[in-house]
Amino acid sequence: MAITYDVAVVPLIDPALLAVLAVVVLAAATLAVVLFVRARRVRELQTRRRPSLPAPAPAPDAGVEAPTLPTAEPAAPAAPAPAPAPTTERPEAAGTRMARLRRRLAGSANPFAKALAGLLSSDRLDADTWDDFEATLIGADLGVGPTTELVTTLRRELAIDGVADAGKAREVLRTELVRLADPTLDRALNATGADGLPAVVLVVGVNGTGKTTTVGKLARLLVAEGKTVLLGAADTFRAAAADQLTTWGDRVGVRTVRGPEGGDPASVAFDAVTQGVAEGVDVVLVDTAGRLHNKANLMDELGKIRRVIEKKAPVTECLLLLDATTGQNGLVQARVFDEVTDLTGIVLSKLDGSAKGGIVVQVQRELGVPVKFVGLGEGVDDLAPFTAEGFVAGLLGE
């Protein structure tokens, strides 16, 4: 007899669970794909940002000598840029200076022009008119003697022709003033030394007359004439005097010999002339310290400077710088300096329309020393050779 069994088939995995597992597996796979793609993009971005390095050179085979590549030599340091060459100025020629300075002199009121205007504007020339005219000339430092001569000549000439002829009166005054200024004097600067030595020009004067500035202007004038010049800064007592003179020289390419501040001025002057001889320059200009003419020890020192210089070369010019505004006191100064240094010429500074220019006549007459240069302003080329005719034309406003 056969026995039969009813067996129920039970599924091993629940279909619902199987669906959940399928969803989980699919999600995990999707996440893995996303992470992989993202990681790959990150690597690509990093690769782009990182600079590419050159591939290492392959190692040479054994026994084969690697080629030697030329090595670049280190670059030499760049040479410093050359300093710009100092520029030198071209001074104004002497020939054009007097006309310009004469115009400046005539442009301001001056005692001579005022005196002439007052004389010609008078209705009649009585004693009072002549007295006023004479007082004006004396006030302009023409001096008593020259004024008396001038007034006597004018009275004689105008008494004959009459004051109605203003042109005649002016011509008489011009002629007499030129005569008093003495055009026969030798006003040329001795800028030629003897026996191959340089000319030596010593400039002296009292304090505050502007000697250093005048020496600088005189150097410019000589350079304009084609002379070679060397400056000697023998003013060792005034602070920055040597610096000031050096600046003037540098502007026209002229060298300055200087010593220590407070040093022996005679030693500096001697060194300057010694170097001038060695270099074969045409002119050595020596600036000296200002000194009062009534100080015996300072004047003795000035005499020493000249004696020391002449051990090396003769002093061809000794110029006294006078301030035209000092009047008769300038004449006293000139006498003392002439006794000590044997003056050869006068440089009259600050000669403008308000200055008492009559001192020119007085100094020349008293000392027999000519005025050789005049200065009218602060400009670098406001120094000109003096001429009697040009001076008088300026005084008369012509």
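Here the structure is shown first, and the text comes after it.
Residues numbered from 1 in each chain as written. Predicted model: local features only at pLDDT ≥ 70, side-chain atom pairs only at ≥ 80, totals over all residues. Heavy atoms only, no water.

## Re the packing of aromatic side chains
And step 1. If you walk through the whole model with that rule in mind, you get 1 aromatic pair.
And step 2. Summarising the aromatic geometry, the rings of Trp 130 and Phe 133 are spaced 6.0 Å apart at their centres and angled 80 degrees between planes, so their arrangement reads as edge-to-face. Of this pair, Trp 130 and Phe 133 both sit in helix α4 (residues 127–139), 3 residues apart, roughly one helical turn. Like Trp 130, the residue Phe 133 is buried in the burial classification.
And step 3. The lysine or arginine in question, Arg 251, covers the ring of Trp 248, its NZ or CZ lying 5.6 Å from the ring centre. (Phe/Tyr/Trp six-rings, centres within 6.5 Å; stacked < 30°, edge-to-face > 60°. Helix = DSSP H or I, 4+ residues; strand = E, 2+ residues; numbered from the N terminus. Buried < 20%, exposed > 50% of the residue type's maximum accessible area, 1.4 Å probe, protein only. Lys NZ or Arg CZ within 6 Å of the ring centre and 35° of its normal.)

## Comments concerning the pairing of strand β5 (residues 315–323)
And step 1. Burial within β5 is extensive, with 9 of its 9 residues counted as buried.
And step 2. Bridge analysis of strand β1 (residues 199–204) against β5 gives 5 bridges, and the strand direction is parallel. Bridge assignment links Val 200 to a residue of β5, and that residue is Val 315.
And step 3. As paired strands, β5 and strand β6 (residues 345–349) are joined by 5 bridges and run parallel to one another. By the bridge assignment, Leu 320 is partnered in β6 with Ile 346. (Pairing = 2+ DSSP bridges.)

## Points about a nonpolar patch on the surface
And step 1. On the surface, Leu 17, Val 20, Leu 21 and Val 24 cluster together into a nonpolar patch covering about 360 Å² of accessible area.
And step 2. Mapped onto the secondary structure, Val 24 falls in helix α1 (residues 15–49). (Patch = residues over 30% accessible without salt bridge, like charges linked within 9 Å, V, L, I, M, F, W, Y side chains within 5 Å. Areas by Shrake-Rupley, 256 points an atom, 1.4 Å probe, with all protein chains shown as cover. Salt bridge = Lys/Arg side-chain N within 4 Å of Asp/Glu carboxyl O.)

## Remarks on the pattern of salt bridges
And step 1. In the structure shown here, the tally under the stated rule is 13 salt bridges.
And step 2. Its salt-bridge partner being Glu 149, residue Arg 365 comes within 2.9 Å of it at the nearest N-O pair. With Arg 365 in helix α12 (residues 359–367) and Glu 149 in helix α5 (residues 144–161), this pair connects stretches of sequence that are 216 residues apart.
And step 3. Bridged by salt links that share partners, the residues Glu 149, Glu 176, Arg 179 and Arg 365 form one connected network.

As far as function goes, none of this settles anything; it's purely spatial.
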